[in-house]
Each structure stands twice: as C-alpha cells, then as structure tokens.
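Each chain, letter by letter, is given below.
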Amino acid sequence: MRVTKVVKQQMLAILAEHYRGATTALNYSTPFELLIAVILSAQCTDERVNIITARLFPQYNTPAKILALGQDKLEEYIRDCGLFRSKARNIIATCEILCRAYGGEVPTRFEDLIKLPGVGRKTANVIVSQLFGTPAIAVDTHVFRVANRTGLAKGKTPREVEEGLMRVIPRQDWADAHHWLIWHGRKVCKARQPACDVCPLNGLCPSREDATK
DNA sequence: AACTCGGGGCA
DNA sequence: TGCCCAGAGTT
C-alpha cells in the first residue's frame, strides 16, 4: 500500500504531538564528550554508555587526555559495551586527528566529522544536528525501521531513508523528527513485537495489520 | 551488498 | 541458550 503525502503529514503531526519533549540529547558538557558517547553508543544502550562515561570523563575528557591514557587502558574503561576493541582503536585514532588537525576541538562540519575513524553518517548527523545547529536526520536502525514500516520514507539503505525523510519533513523539524522516530521505534514500533494496539499512528500506518514486515 | 565485530538485553 | 541490538569498517 502506498502512503499519500497527506497521510505522511498527518502521521508526522501525530508523532510530533505524541513525542513532544522527547529527546535523546545527553547531558554531556563538551562536544568531545558527546562525540565519544555517540561513538560508544553503537549497538549499546544509553544506560551502559552513561555508566562508562561517568567513570571515564572525570579524568579523561579531552583528546590529549585520552591519548595519554592509551588504547589498552581505554579498552578497560569501555569493555562493558560491545565492539569495544574497534571502538577503542577508532577513538584513539580520532583523538590523534583532533589534536593534530583541529587543535583538540571537535570539527563542526559534517564533511570533516565523517572522516574521523568510528564516525559514520549516523554519528556525524547526530553531532551536527544536536550540537552545531545544522539540520540533519540521523538514521539509525530505529529510524530506518519506523520510516519503512510507516511508509514515511521507503528505502533499502539508511542513506535512501535519510534522503526520503528530508523530502517529507520540513527542514526546521529535522532534528526534532529524529527524536520522534527514535522514541517511536523504541517504545512502540519495536523490532520484535511492535505495540500496534497502542500505536498513535493506528489507522494511518500501512503495516498495522502486518507490522512484522 | 554482505560480512564482521562483541558484550548486553531479552524471551 | 539463541537471537537481536541507539553502527562503522572492510572485502
């Protein structure tokens, strides 16, 4: 079933109302801290990232300090989140670049961020949209799933979904819409057992009767 | 486009 | 236990 543009606008309005105030912006005090937290969050819950960063950042909250800590010790700090070896390696490499090319600061442009080891489209979009005021929609697995199921933006790749969402959603709503879609994916439109019975998009979503697709 | 990394969370 | 996960890099 094809979702008309009018229906898409209705669904977006409902999501905006239903998830008003919802945010995933974490209270990290510097861009560098948020960057590291987002890198760590891949395939890992926010709760666990919070535990790790609460131990790490009091002493190691700058690229230079992380480099001084070293990769082996960094691995010990972040061992409780998955993929920790590659994350540690990427974080060290990123810190070296930040120190060498950016004066120890986090670059503000998407093109620069995405070149950093461990930073892909999703992470770069999160940083620029939540930190530097550049409108963007970060497509993670939740956003990807919700967009495809609801028909807001169909696509085989996250990139396609990202571009589709940008076409449907007004630019000024991109950052907020990212949060609506993520929260909807977490709480209602879940990967396993979607709670279609309590879904605010009931009646509009084409996957209502077969939400496992 | 498919594969891999990896411990946690959940049924 | 087995299966999936608030991704990114490599092949």
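Only a predicted model underlies this, so the values are computations on that prediction, with no experimental measurement involved.

Quick notes on the rules
- Residues numbered from 1 in each chain as written.
- Chains lettered and ligands numbered in written order.
- Predicted model: local features only at pLDDT ≥ 70, side-chain atom pairs only at ≥ 80, totals over all residues.
- Heavy atoms only, no water.
- pLDDT = per-residue confidence, 0-100.
- Helix = DSSP H or I, 4+ residues; strand = E, 2+ residues; numbered from the N terminus.
- Near = heavy atom within 4 Å.
- Polar contact = N/O pair within 3.5 Å; in protein donor to acceptor, adjacent residues only side chain to side chain.
- Nonpolar A, V, L, I, M, F, W, Y, C, P; charged D, E, K, R; others polar.
- UniProt positions renumbered as here; feature names shortened; annotations may be inferred.
- Phe/Tyr/Trp six-rings, centres within 6.5 Å; stacked < 30°, edge-to-face > 60°.
- Buried < 20%, exposed > 50% of the residue type's maximum accessible area, 1.4 Å probe, protein only.

Colleague: Would you mind going over the confidence of the model for chain A in detail, with residue names and values included?
Modeller: Residues with a pLDDT of 70 or more make up 96% of chain A, whose mean pLDDT is 91. At the low end of the mean pLDDT range in chain A sits helix 11 (residues 174-187), at 89; at the high end sits helix 4 (residues 63-69), at 97.

Colleague: Explain the protein's contact with DNA strand C to me, using residue names and the numbers behind them.
Modeller: Around DNA strand C there are 22 residues in total, and Q43, T123, H142, I182 and R186 lie nearest to it. For DNA strand C, the backbone portion of the atoms within 4 Å of the protein, that is sugar and phosphate, comes to 66%. Within the contact set of DNA strand C, a phosphate oxygen lies 2.9 Å away from a side-chain nitrogen or oxygen of H142. Examining the composition of the surface near DNA strand C, we find that three residues originate from one element, helix 8 (residues 121-131), more than from any other. For the surface near DNA strand C, the residue count by class is eight nonpolar, eight polar and six charged.

Colleague: Kindly report on the UniProt feature "domain: HhH-GPD" (unreviewed entry) in chain A, identifying the contributing residues and their values.
Modeller: UniProt's feature table lists "domain: HhH-GPD" (unreviewed entry) at residues 40-187, given in the numbering used throughout. Across residues 40-187, helical content stands at 64% and strand content at 0%; the span's end C-alpha atoms are separated by 22 Å.

Colleague: Give me the protein's contact with DNA strand B: which residues, what numbers.
Modeller: Around DNA strand B, the neighbouring residues are Q43, R48, R79, D80, G82, L83, R85, S86, T157 and R192. At the protein interface, 55% of the atoms of DNA strand B within 4 Å belong to sugar or phosphate. In this structure, a base nitrogen belonging to DNA strand B sits 3.0 Å away from a main-chain N or O atom of Q43.

Colleague: Which residues make up the packing of aromatic side chains, and what values go with them?
Modeller: This model, assessed by the stated rule, comprises two aromatic pairs. With a centroid separation of 5.7 Å and 90° between ring planes, the pair formed by Y28 and F57 is classed as edge-to-face. One end of the pair, Y28, is in the loop between helix 1 (5-18) and helix 2 (31-40); the other, F57, is in the loop between helix 3 (46-56) and helix 4, with 29 residues separating them in the sequence. Residue classification places F57 among the buried positions, given a relative accessible area of 7%.

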